[in-house]
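Breakdown of the fold
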Amino acid sequence: MDSATKDEMQPSLPPGPEWPEQERAERLARGAALKWASGIFYRPEQLARLGQYRSREVQRTCSLEARIKSVVQSYLEGVKTGVWQLAQASEAVQGAREALGQAHGLLQGAAEATQTLRPLREQVVQHKQLQVLSQLLPRLWAVPAAVAHARSLIDARQLLEAYVCLRELEQLQEETWAPLGGLELAVFEGLGPLAEALGQAVEAAAGAAGRLAREDPAQLVAAVRVAEVDAGYTASLELAPRGWRQRCLQALQEGLDRTHFGTPLLPEPGALAGWLEALRVALPAELAIAEALVAPCCPPHYKVVQLWAHTLHSGLRRCLQQLLGGPELGAADAFTLLHWALHVYLGPEMMGSLELGPEADVSQLEPLLTPENIEQLEATFVAQIQANVAQWLQKALDGEVAEWNREQEPGTDSSGFYHSPMPAIVLQILEENIRVSSLVSESLQQRVQGMALSELGTFLRSFSDALIRFSRDHARGEAMPPHYVPYLLATLNHQSALSSSVSVLQPDGAASGALAPVETALDELQRRICRLVLEALLAELQPLFAALPSRRWLSSPEMLDDVCERTARFCQDFRRVRNPAAQLLLAEAERTVVLQYLRALMQGRLVCRGADERTQAAERLQQDAAQLRELFLGLGLEESVQCAPVLLALRDLLNLRDPMLLGLEVAGLRQKFPDVSEDHVSALLDLRGDVSREQRLAALSSLQVGPQPSPSAGRRALFSLVPAPAPALSSCLPSGPCA
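Residues numbered from 1 in each chain as written. Predicted model: local features only at pLDDT ≥ 70, side-chain atom pairs only at ≥ 80, totals over all residues. Heavy atoms only, no water.

Per an unreviewed UniProt entry, the recorded name for the protein is Exocyst complex component 3-like protein, and the organism is Leptonychotes weddellii. Checking UniProt for the protein, the heading Sequence similarities (unreviewed entry) contains the comment "Belongs to the SEC6 family." Taken verbatim from the UniProt record of the protein, the Function (unreviewed entry) comment is "As part of the exocyst, may play a role in regulated exocytosis of insulin granules." (UniProt positions renumbered as here; feature names shortened; annotations may be inferred.)

1. Describing the overall build of the protein
Regarding its fold elements, the protein presents 26 helices and zero strands. Within the span of the protein, comprising 739 residues, buried residues form 40% of the whole. Of the roughly 40900 Å² of accessible surface on the protein, 56% is carried by carbon and sulfur atoms. (Helix = DSSP H or I, 4+ residues; strand = E, 2+ residues; numbered from the N terminus. Buried < 20%, exposed > 50% of the residue type's maximum accessible area, 1.4 Å probe, protein only. Areas by Shrake-Rupley, 256 points an atom, 1.4 Å probe, with all protein chains shown as cover.)

2. Some words on the nonpolar core
Core analysis: the largest hydrophobic core is formed by 196 residues, its most contacted members being Leu316 and Trp553. The element best represented in this core is helix 18 (residues 516-545), accounting for 14 residues. When residues of this core are assigned to domains, at least three map to each of domain 2 (373-529) and domain 3 (547-706). Ignoring anything within four residues of it in the chain, the contact list for Trp553 reads Leu548, Met559, Tyr597, Leu601, Leu606, Ala617, Arg620, Leu621 and Asp624. (Core = buried A, V, L, I, M, F, W, Y, C linked by side-chain atoms within 4.5 Å. Domains from an automatic or database assignment. Contact = heavy atoms within 4.5 Å.)

3. Digging into a nonpolar patch on the surface
A cluster of nonpolar side chains, contributed by Tyr75, Val79 and Val83, occupies part of the molecular surface with about 310 Å² of accessible area. Position of Tyr75 relative to the elements: it lies in helix 3 (residues 50-115). Judged by relative accessible area, which is 58%, Tyr75 ranks as exposed. (Patch = residues over 30% accessible without salt bridge, like charges linked within 9 Å, V, L, I, M, F, W, Y side chains within 5 Å. Salt bridge = Lys/Arg side-chain N within 4 Å of Asp/Glu carboxyl O.)

4. Quick word on the pattern of salt bridges
One pass over the structure, following the stated rule, counts 26 salt bridges. The partner of Arg578 in a salt bridge is Asp413, and the shortest N-O contact between them spans 2.5 Å. Here Arg578 is found in the loop between helix 20 (558-571) and helix 21 (581-601), whereas its partner Asp413 is found in the loop between helix 14 (371-403) and helix 15 (422-438), with 165 residues between them in sequence. Take Arg578: its relative accessible area is 35%, and that puts it in the partly exposed class. Here Arg528 and Glu524 are joined by a salt bridge, their closest N and O atoms 3.7 Å apart. In this pair, Arg528 and Glu524 both sit in helix 18, four residues apart, roughly one turn of the helix. Among the residues examined, Arg528 registers a relative accessible area of 19% and is labelled buried. A network of salt bridges, in which partner residues are shared, links Glu196, Glu203 and Arg247.

5. Observations concerning the confidence of the model for the protein
The pLDDT averaged across the protein works out to 81; a share of 86% of its residues lies at or above 70. Throughout residues 1-17 the model reports pLDDT below 50, and contacts reaching past four residues in sequence, or to other chains, amount to seven contacts. Across residues 728-739, where pLDDT falls below 50, the model places 21 contacts with residues more than four positions away in sequence or in other chains. (pLDDT = per-residue confidence, 0-100.)

6. Some remarks on the side chain of Arg620
Among the secondary structure elements, Arg620 is positioned in helix 22 (residues 611-635). Here Arg620 is in contact with Trp553, Leu554, Ser555, Ser556, Pro557 and Tyr597, once residues within four sequence places are set aside.

7. Quick notes on the environment of Ala581
Structurally, Ala581 is set in helix 21. Taking the relative accessible area as the measure of exposure, Ala581 reaches 2% and is therefore buried. On a C-alpha basis, the gap between Ala581 and Gln526 in space is 8.4 Å, while along the polypeptide they are 55 residues apart. Once you skip the residues sitting within four places of it in the chain, Ala581 turns out to touch Leu492, Ser496 and Gln526.

8. Structural notes on the packing of helix 16 (residues 442-476) against helix 17 (residues 484-501)
Axis separation between helix 16 and helix 17 bottoms out at 12 Å; the angle between their running directions is 170 degrees. Considering their axes alone, helix 16 and helix 17 lie roughly antiparallel with respect to each other. Residues Phe459, Leu460, Phe463, Leu467, Phe470, Ser471 and His474 of helix 16 form the contact with helix 17, whose participating residues are Tyr484, Leu488, Thr491, His494 and Leu498. Residue composition of the contact of helix 16 with helix 17, grouped by class: eight nonpolar, four polar and no charged. (Axes fitted to C-alpha atoms, helices over the stretch in contact; angles between N-to-C directions. Parallel < 35°, antiparallel > 145°, perpendicular 65-115°, else oblique. Nonpolar A, V, L, I, M, F, W, Y, C, P; charged D, E, K, R; others polar.)

9. Section: the environment of Glu268
Here Glu268 is to be found in the loop between helix 10 (244-261) and helix 11 (272-294). Along the chain, Glu268 and Leu323 lie 55 residues apart, while their C-alpha atoms are 9.4 Å from each other.

10. Remarks on helix 7 (residues 191-207)
With 17 residues, helix 7 extends 24 Å between its outermost C-alpha atoms, agreeing within 8% with the 24 Å of an ideal straight helix rising 1.5 Å per residue. Taken residue by residue, helix 7 has Leu191, Leu194, Ala195, Ala197, Leu198, Gly199, Ala201, Val202, Ala205, Ala206 and Gly207 as its buried positions. (Expected span 1.5 Å × (residues − 1).)

11. Topic: unusual backbone geometry
Note that the residue after Asn579, namely Pro580, is joined by a cis bond; omega there is 5 degrees. Considering the arrangement of structural elements, one finds Pro580 in the loop between helix 20 and helix 21. Of note in this structure, Lys303 is not a glycine but carries a positive phi near 45 degrees. Along the chain, Lys303 falls in the loop between helix 11 and helix 12 (304-325).

12. Side note on the packing of aromatic side chains
Across all of its chains, the model carries 11 aromatic pairs by this definition. Between the aromatic rings of Phe673 and Phe719, the centroid separation amounts to 5.8 Å while the plane-to-plane angle is 70 degrees, which identifies the pairing as edge-to-face. Here Phe673 is found in the loop between helix 24 (662-672) and helix 25 (678-688), whereas its partner Phe719 is found in the segment after helix 26 (693-705), with 46 residues between them in sequence. Of the two residues, Phe673 and Phe719, both sit in the buried class. Grouping aromatic residues by their ring pairs yields a cluster made of Trp404, Phe459, Phe463, Phe470 and Tyr484. (Phe/Tyr/Trp six-rings, centres within 6.5 Å; stacked < 30°, edge-to-face > 60°.)

13. Focus on the side chain of Arg317
With respect to the helices, strands and loops of the structure, Arg317 is situated in helix 12. Its relative accessible area of 19% is what places Arg317 among the buried residues. For Arg317, the contacting residues outside a window of four places in its chain are Glu366, Pro367, Leu368 and Thr370.

14. What about the packing of helix 18 against helix 20?
Close contact between helix 18 and helix 20 brings their axes to 10 Å; oriented N to C, the two are set at 160 degrees. With respect to helix 20, the element helix 18 is oriented roughly antiparallel. Relative to helix 20, helix 18 is oriented so that their crossing is right-handed. Taken together, the residues of helix 20 that come into contact with helix 18 (itself represented by Val533, Ala536, Leu537, Glu540, Leu541, Leu544 and Phe545) are Met559, Asp562, Val563, Arg566, Thr567 and Phe570. (Left-handed = near helix turned anticlockwise from the far one by under 90°.)

15. Some details on helix 18
Residues separated by three or four positions in an α-helix point in the same direction, a consequence of the helix having 3.6 residues per turn. Look at helix 18: 41 Å from first C-alpha to last across 30 residues, which is about the 44 Å you get at 1.5 Å a residue. For helix 18, the principal kink sits at Ala539 and spans about 30 degrees; a proline, Pro543, occurs within the next four residues. (Bend = angle between axes of the 7 residues up to and from the residue.)

Listed below in structure tokens is the structure:
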């Protein structure tokens, strides 16, 4: 191969910018060569071999050039082969493109040919439809008559036959629908109303299930079977499901609800008890009918008894909510509804009857009355009962007050004690309301018990106010009841009766302080009655004590005889008062007499002129103390609670011979009666008439320097209730209260 051929085969690189990598490689190569050459020819003896190195490098360079030329030649041959193959592929693609263009033209011609065949195809379809119609024409002509016949069957309540006829018509409609390409024929337009009429007939039969189960169970069975068969039927037409099974179940519930809980059947005010009593009889009977007659007519999955029980429960609950949302119920209706809903409804008389199966259990459903309903009814009942109780108690009090001005004495019981039915009436009213409320619930009982205690407290305050008016009218002379004191004593018996029986109003398990306000009011009433009785006694005794002490009193017991006689006559009716009130009243009467006696002694009306008169005064005190003791012992008062022994202590003070010993006597008096004061002692010393100023001061000083008296349990106040005239300043101690 000549050089010209070689030059032609060598590829000529196109001019262009130099590669930076190539330049960098050349620099590195040159640097490496220079480094190698400088290392080799660094010594002079190596320069002799320079020709050898040059020839060897020339050979190596030629070898590398030959190898590079070989690689480039192989590369060029491969490129040539690739270019030839690309040319062949381009020719093949061009041929395929031309073939596809020819096929597209053929397809367009075929489509134009099919357009000319469309009328023919439509004629074929119409021919097939006419062929089908010609075959079904006799049956299609009979469709209107079949629809009319089905309607007559529905009217005759022959539901199964009507459903069979409807299904045949719908099957015929399906047979014509597919061949006609979904074309709806006018002859089938009556099937929709016919199906709706049959569905309504099924609903009507289900709504009257209770009556049909007794009178015509076959009709009920037919209606249920129609609903069940239709639920399992799947039509080929694109029709919505009729849902007759659900409509049947809903009609069962609505008919039952309408029968027992229709709006016109809601009770009028005051008629609730009768309505609930009718339900008490009707609902178990309805469940018994459902279990015995309706359930056998229905499939087991209907769960007729459970459906009946739940429907009745829901309807009753809705009616009660409507009732509570209306006008407020009266107390009787509220109580009746609470008792019926909480006890009767779930009790053995109704839904808890053993004759009903477990399917009728409604205890797990929502309760008839919510907690808010119960709270509302309880509040209504308590508020109205409270108003009635207040009215009844006021009538009882008015009747009792009217008795106080009668000409006759108060009535007595078989034991001779004053008696009136008023306490029994009051307690019976309160206790009966508590007892009745306990039949409903514990919460209502507690409410009524609290109300009863509150009303009893109000009644006691009204009773006390009535006594005050009665006493005020008597004192002013506006009313002069002939038996003023006996009726006061009768009221004391009333207080005792109430106090002894008020524990029946104590709530079970309540704190002991629940009765504290009522007991306080009863104690206050007792004190007020005793005070009024003692005021009447004082009114009779004060004129007698006005002349005591006197010279006549020293020499004669007649004055105290009049006091004892008047007291005995006044207290003779105390025997008609029950204990312990009678003993309390006697003790207070005896103390009142003694206090009046002490009050008279402290007035300074008498001053003994000598030892003889002091002796007479001491003896009179002793005799009077004995006479008072015998008087009240005879009336039934125990000696241990009498106050008359204070007169014996005063006797010792008057009977003392040596005035120098008065300090000891006064100290002894202070020990026995801690409430004695300097004024009282001064008044007693004035009664002696022989005490000098120094002796008086010495005696009074014993009240302060002597041992303090020990408090005696149960000792009642005497001297602190007796006013004494203020002594002269000359007889007071420098540190005394009168100084």
